[in-house]
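# Working through the structure, step by step
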Amino acid sequence: MSPCYFVIFGVTGDLALTKLLPALYYLSRDGRLPDSLAFLGVSRRDWDNSQWRAFMREQLPKRLGKEYNEDDFQKFVSLFSYTQVVHDRAEHYGNLKQTLGKPREGVCANVVFYLAISPADFTLVVSQLDAAGLSGRLLGNRIVLEKPFGHDLASARALNQHLHRHFEEEQIYRIDHYLGKETVQNLLVFRFANSLVEPIWNRNYIDHVQITVAESKGIGSRAGYFDKTGALRDVLQNHMMQLLSVVAMEPPAQLDDDALRDEKVKVLRSIRPIPCDAVSRYVVRAQYGAGDGAVRYQDEPGVAENSVTETYVAAKFYVDNWRWSGVPFYLRTGKRMAQDSTIVSLRLKQPPLQLFHGTPMDKVEPNWIVLSIQPDESMHIELQAKEPGLDMSTRTLQLHASFRDENERQLGAYETLLMDVIEGDHSLFIRFDEVEWSWKVVDPILRQFSLDRDFIQSYPAGSWGPEESSQLFDSSNQSWRNYI
Ligand code: BG6
């Protein structure tokens, strides 16, 4: 049965305004939400419903842009009420409980608590919800936590233990919004629904894999969060590890929650640990300097003086299993990069070219498979064909296909995931062992970063990152692929 209430903690914050509220607006507009569901916005601000509505009126139209429609907006706002909760004030949770009232029997069953707040407050809010009698198995209430889940392995374990004191595993939703992206799910279809693809998706044919999550924007108003977090924790430990797992995993027996997550965990467990003293050979971190009209990271408002927080990180991993042994996976993510581009690129091995010995075809370009996750949602394959003419020489054939027709609307990641929470489907959420194994991969790197606090490489804003990242490549004929 669907929940009666969807409660958003941190409803005036960046995440709620940029992702959650727009996604819920689209779901409401498209008639996807259950009729019995009401929304409750929660934040520290001492507001009543009318002040909250005035805030929505001021904020939402500019976030929705051309999708804004007055009638849809009125309908959406009418689903909401507001209550103040200062996170450490027990009496506020009492008010919250009163507002929520009793489940309407036969109509709806429980409450979803979405914590779009600073991760530092997760344990406090969970304890307070419990003390107010709002957790517990019998109630069946659900709790949704944003990443990063912990700030290292030990803190992630502590947070998980704390959660489990108050909520059962099936009540917990650990979100990584990359799994809600249709193009990420499409990776599964591309790999496992095409007999052309899967037979070559292994060490016999793949030379190396690159995963890039490049963003052209800087840290905006998020210095308070980002300066303590850095690109490694913010994106690589979660979104990129999830991408890597989906690219590298074995076909799951079924598409149910556990079959899928079991296969992802096997990949994470097979990643070769990077010893602390080898981190500099496997990882490059850097910070954006001024460029392209943007200030350098250290001059962004709210960034600590002489901060060495990385806004860019690139790393090389090996997945030591039968499928991938010896194939390097190069990962990189950065803010203020040359363009927005999330792509997975696989370069294939060269075929034996003896046949063409003595012709210009002695050297040919390798084949590539490139899957673009965003903003372009497409697949691109590069093959070699004969150049027309007398000579035996080649040119590259580009096979390009978009995953979506121009008039097909893109379902946002949060729309998918919020609907899954409402419907109680866990398959696109993270199980704790995935979090744990990802931290195991990242922890030695973090430890080394924390020892090395004096210097950080820099790259000009608007570029593709520091030159030093090329040192990660195993061979001189490998280089970053910056285009689709
Ligand atoms: C978030 C990170 O999880 O993902 C942000 O905290 C990052 O720093 C964002 O910008 C990227 O998400 P998307 O969907 O825009 O690629």
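Conventions and cut-offs
- Note on numbering: residues in each chain are counted from 1, in written sequence order.
- Reporting of local features is limited, given that this is a predicted model, to residues whose pLDDT is at least 70; pairs of side-chain atoms are given and counted only at 80 or more, and all residues count toward the totals for whole chains, interfaces and linings.
- The side-chain numbers reported here are obtained from all heavy atoms of the structure, hydrogens and water having been left aside.
- For helices the rule is a DSSP run of H or I covering at least 4 residues; for strands it is a run of E covering at least 2, with both sets numbered from the N terminus onward.
- Here the radius of gyration uses the C-alpha set of atoms, whereas the globule reference equals 2.2 Å times the residue count to the power 0.38.
- Summary of the burial criterion: residues with accessible area below 20% of their type's maximum are buried, those above 50% are exposed, and those between are partly exposed, where the area comes from a 1.4 Å probe applied to protein chains only.
- Two residues qualify as a contact provided that any one of their heavy atoms is within 4.5 Å of a heavy atom in the partner residue.
- The Shrake-Rupley method, run with a 1.4 Å probe sphere, supplies the accessible areas, and residue values consider only the shown protein chains as cover.
- Charge counting treats Lys and Arg as positive and Asp and Glu as negative, with His and both chain ends excluded.
- We put the charge of a Lys on NZ, of an Arg on CZ, of an Asp on CG and of a Glu on CD.
- A cavity here means a set of 1 Å grid points, computed over protein atoms only, where a 1.4 Å probe fits but cannot escape. A pocket is an open set with protein on both sides within 12 Å along at least 5 of 7 lines, and lining residues have an atom within 4 Å of a point.
- Grid points are joined across faces, edges and corners, and a volume is the space filled by probe spheres set on the points.
- Ten residues, namely Ala, Val, Leu, Ile, Met, Phe, Trp, Tyr, Cys and Pro, are considered nonpolar, four, namely Asp, Glu, Lys and Arg, are considered charged, and the remaining ones, Gly among them, are considered polar.
- What makes a nonpolar core is a set of buried Ala, Val, Leu, Ile, Met, Phe, Trp, Tyr and Cys residues whose side-chain atoms join them at distances within 4.5 Å.
- An axis is simply a line fitted to the C-alpha atoms; with a helix, the fit covers only the stretch in contact. Between two such axes, the angle follows the N-to-C directions and lies from 0 to 180 degrees.
- The scheme is simple: roughly parallel for angles under 35 degrees, roughly antiparallel for over 145, roughly perpendicular for 65 to 115, oblique for anything else.
- Here a residue is near a molecule or strand as soon as one of its heavy atoms is found within 4 Å of it.
- Distance and chemistry together define a polar contact, namely a pair of N or O atoms within 3.5 Å, with one atom able to donate a hydrogen and the other to accept it when in protein, and with adjacent residues in sequence counting only for side-chain atoms on both sides.
- When DSSP finds two or more bridges between a pair of strands, those strands are recorded as paired.
- Pairing of aromatic side chains requires ring centres within 6.5 Å, counting the rings of Phe and Tyr and the six-membered ring of Trp. Pairs whose planes differ by under 30 degrees are stacked, by over 60 edge-to-face, and all others tilted.

### Quick notes on the overall build of the protein chain
In terms of helices and strands, the protein chain carries 12 helices and 15 strands. Its C-alpha atoms give the protein chain a radius of gyration of 24 Å, near enough to 23 Å, the size a compact globule of 484 residues would have. Taking the principal axes of its C-alpha atoms as reference, the protein chain extends roughly 85 × 50 × 45 Å. Looking at the 484 residues of the protein chain, the share that counts as buried comes to 55%. Sequence-distant contacts, at least 24 apart, represent 77% of the contacts inside the protein chain between residues at least 6 apart. Accessible area of the protein chain: about 21,600 Å², with a carbon and sulfur share of 49%. Side-chain charges in the protein chain split into 53 positive and 64 negative, and the spacing between the mean points of these groups amounts to 2 Å.

### Remarks on empty space enclosed by the protein
Regions of empty space are outlined by a rolling probe, equal in size to a water molecule, passed over the atoms. For the structure on display, the rule yields four cavities of 30 Å³ or more. As for the largest cavity, its lining consists of 16 residues, and the residues nearest its centre are Lys147, Asp176, Asn238, Ile430 and Val435. Breaking the lining of the largest cavity down by element, the ones donating at least two residues are helix 8 (223–248) and helix 12 (432–451). Looking at the lining of the largest cavity element by element, the count peaks at four residues for helix 8. Looking at the lining of the largest cavity, its residues break down into seven nonpolar, four polar and five charged. A volume near 80 Å³ is recorded for the second largest cavity. Forming the walls of the second largest cavity are Leu179, Val184, Gln185, Leu188, Val246, Met249, Leu260, Lys264, Ser427 and Leu428. Of all the secondary structure elements, the ones that give two or more residues to the lining of the second largest cavity are helix 7 (182–192) and helix 9 (257–270). Class assignment for the residues of the lining of the second largest cavity results in seven nonpolar, two polar and one charged.

### Digging into the environment of Val313
Take Val313: it is sitting in strand 9 (residues 312–318). Since its relative accessible area comes to 0%, Val313 is described here as buried. Once the C-alpha coordinates of Val313 and Leu236 are considered, the two residues, 77 residues apart in sequence, prove to be 8.0 Å apart. Each residue touching Val313, except ones within four places of it in the same chain, is listed here: Ala231, Leu232, Leu236, Val283, Val284, Arg285, Leu331, Arg332, Thr333 and Phe449.

### Some thoughts on the nonpolar core
Counting residues in hydrophobic clusters, the biggest one holds 146 residues, and the most contacted among them are Phe9, Leu96 and Phe317. It is helix 8 that contributes the most residues to this core, 13 residues altogether. Not counting chain neighbours up to four residues away, the residues in contact with Phe9 comprise Val42, Val85, His87, Tyr93, Leu96, Phe113, Tyr114, Leu115, Ala116, Ile117, Val125 and Leu129.

### What to know about the packing of helix 1 (residues 14–29) against helix 3 (residues 70–77)
Interaxial distance between helix 1 and helix 3 falls to 10 Å at its minimum, and their mutual angle equals 105 degrees. It follows from the interaxial angle that helix 1 and helix 3 lie roughly perpendicular. Contact residues: Leu21, Leu24, Tyr25, Ser28 and Arg29 in helix 1; Asp72, Phe73, Lys75 and Phe76 in helix 3. For the contact of helix 1 with helix 3, a count of residues per class yields five nonpolar, one polar and three charged.

### Things to note about the site of the ligand
The environment of the ligand is formed by Lys19, Lys147, His177, Tyr178, Lys181, Glu215, Lys217, Arg222, Asp234, His239, Lys335 and Gln374. Between His239 and the ligand, the recorded distance is 2.7 Å, taken from a side-chain N or O atom to an oxygen atom. In the model, an oxygen atom of the ligand is placed 2.6 Å from a nitrogen or oxygen of the Lys335 side chain. Protein contact buries 86% of the 390 Å² of open area that the ligand shows by itself. Per-class residue counts for the shell around the ligand are one nonpolar, three polar and eight charged.

### Notes on the sheet that holds strand 3 (residues 80–84)
Read from one edge to the other, the open sheet built from six strands follows the order 3-2-1-4-5-6, with strand pairing classed as parallel. One side of each edge strand has no neighbouring strand; the edge strands of this open sheet are strand 3 and strand 6 (172–174). Neighbouring strand axes in the sheet, compared pairwise and without regard to direction, differ in orientation by 20 degrees on average. The pairing of strand 4 (residues 111–115) with strand 5 (residues 142–145) spans four bridges and is parallel. What sits directly across from Tyr114, in strand 5, is Val144.

### Describing the environment of Gly302
Note that Gly302 resides in the loop between strand 8 (283–289) and strand 9. Taking C-alpha positions, Gly302 is 35 Å from Phe473, a pair spaced 171 residues apart along the chain.

### Focus: the packing of aromatic side chains
Scanning the entire structure with this criterion turns up 25 aromatic pairs. Seen from their ring centres, Phe9 and Tyr93 are 6.5 Å apart, and the 25 degrees between their planes marks the pair as stacked. Of this pair, Phe9 sits in strand 1 (residues 5–9) while Tyr93 is found in helix 4 (residues 90–100), placing the two residues 84 residues apart along the sequence. For Tyr93, a relative accessible area of 0% gives the class buried. By the ring-pair criterion, three or more aromatic residues cluster together here, those being Phe6, Tyr25, Tyr26, Phe39, Trp47, Trp52, Phe55, Phe76, Phe80, Tyr82 and Tyr114.

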